[in-house]
Amino acid sequence: MKLLHCGVVCLCLFMSLAAIASAELADGLVLYYPFDTNEGAVVADQSGQGNNGMNGGATFTANGCIGGAYCFDAGSNTFITVPASASLNVKDTFTLSAY
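Position labels on residues start from 1 in each chain and follow its written sequence. Two thresholds apply to this predicted model, a pLDDT of at least 70 for residue-level local features and 80 or more for giving and counting side-chain atom pairs, whereas whole-chain, interface and lining totals are computed over all residues. Side-chain measures were taken over the full set of non-hydrogen atoms in the model, leaving aside hydrogen atoms and water.

### Re the environment of Val43
Move 1: Mapping Val43 onto the fold places it in strand 1 (residues 42-43).
Move 2: Along the primary structure Val43 and Thr81 are separated by 38 residues, whereas in three dimensions their C-alpha atoms are 9.2 Å apart.
Move 3: Among all residues touching Val43, those that are not within four sequence positions of it are Tyr33, Phe35, Asn52, Gly53, Asn55, Tyr70 and Ile80. To qualify as a helix, a DSSP run of H or I must reach at least 4 residues; to qualify as a strand, a run of E must reach at least 2; elements of each kind are numbered from the N terminus. Here, residues are in contact when the closest pair of their heavy atoms is within 4.5 Å.

### Examining the sheet that holds strand 2 (residues 53-56)
Move 1: For two strands to pair, DSSP has to find at least two bridges joining them. Strand order in this open sheet of 3 strands is 1-2-5, and the pairing throughout is antiparallel. Sheet topology places strand 1 and strand 5 (79-81) at the edges, where each strand pairs with a single neighbour.
Move 2: Sheet topology places strand 1 next to strand 2; 2 bridges connect them, and they run antiparallel. The residue of strand 2 that forms the bridge with Val42 is Met54.

### Points about the pairing of strand 2
Move 1: Only one face of strand 2 is buried, namely the one carrying Gly53 and Asn55, since none of Met54 and Gly56 on the opposite face is buried.
Move 2: Pairing geometry for strand 2 and strand 5, over 3 bridges, is antiparallel. Bridge pairing in strand 5 places Gly56 opposite Phe79. Only protein chains enter the accessibility calculation, which uses a 1.4 Å probe; a residue is then buried when its area is under 20% of its type maximum, exposed when over 50%, and partly exposed in between.

### Here we look at the packing of aromatic side chains
Move 1: For Phe, Tyr and Trp, rings pair up if their centres lie within 6.5 Å, where Trp contributes its six-membered ring, and each pair is then called stacked (planes under 30 degrees apart), edge-to-face (over 60) or tilted (otherwise). One pass over the full model with this rule turns up 4 aromatic pairs.
Move 2: Geometrically, the ring pair formed by Phe60 and Tyr70 is edge-to-face, given 5.6 Å between the ring centres and 75 degrees between the ring planes. Pair noted here: Phe60 is in strand 3 (residues 59-61) and Tyr70 is in strand 4 (residues 69-71), with a separation of 10 residues, a long-range link.
Move 3: For Phe60, a relative accessible area of 27% translates into the label partly exposed.
Move 4: Classification of Tyr70 as buried rests on a relative accessible area of 8%.

### Focus: the environment of Ser47
Move 1: Relative to the assigned elements, Ser47 resides in the loop between strand 1 and strand 2.
Move 2: Under the relative-accessibility criterion, Ser47 is labelled buried at 17%.
Move 3: Sequence-wise, Ser47 and Leu31 are 16 residues apart; in three dimensions their C-alpha atoms are separated by 5.3 Å.
Move 4: If near-sequence neighbours (up to four positions away) are discounted, Ser47 is found in contact with Leu29, Val30, Leu31 and Tyr32.

Everything listed is a geometric property; what it means functionally is a separate question.
This is how it looks when you write it as C-alpha cells:
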C-alpha cells in the first residue's frame, strides 16, 4: 500500500511540475509554428497571437524528427512569410529556437 501511495504522490508532483513548466514556456510567446502538420497555404501560429504565416512553396513531409516537417529548398526560393504585427515588435531580448 505504501508503494502505491508513493507512486500516486510522485505522479501528482510530476503532473504539477509539467503544468508549471508548460505555463513558463508559453509566457511571452509571440510566434510558434510547430511545422508538424501539412497546413497548405496558411501556416497557423500556435502562440495564440494570430501571427499566421503564408507558405511560399515549402513542401511538407511526414518524415520529420517529430511528426512531419516542412522542407525548405534554397535553390527553389521556398519560405514562410510572417506578416507584420505589433506582437512581433520585441523591444527587449528574445530567444529564437529552431531544430
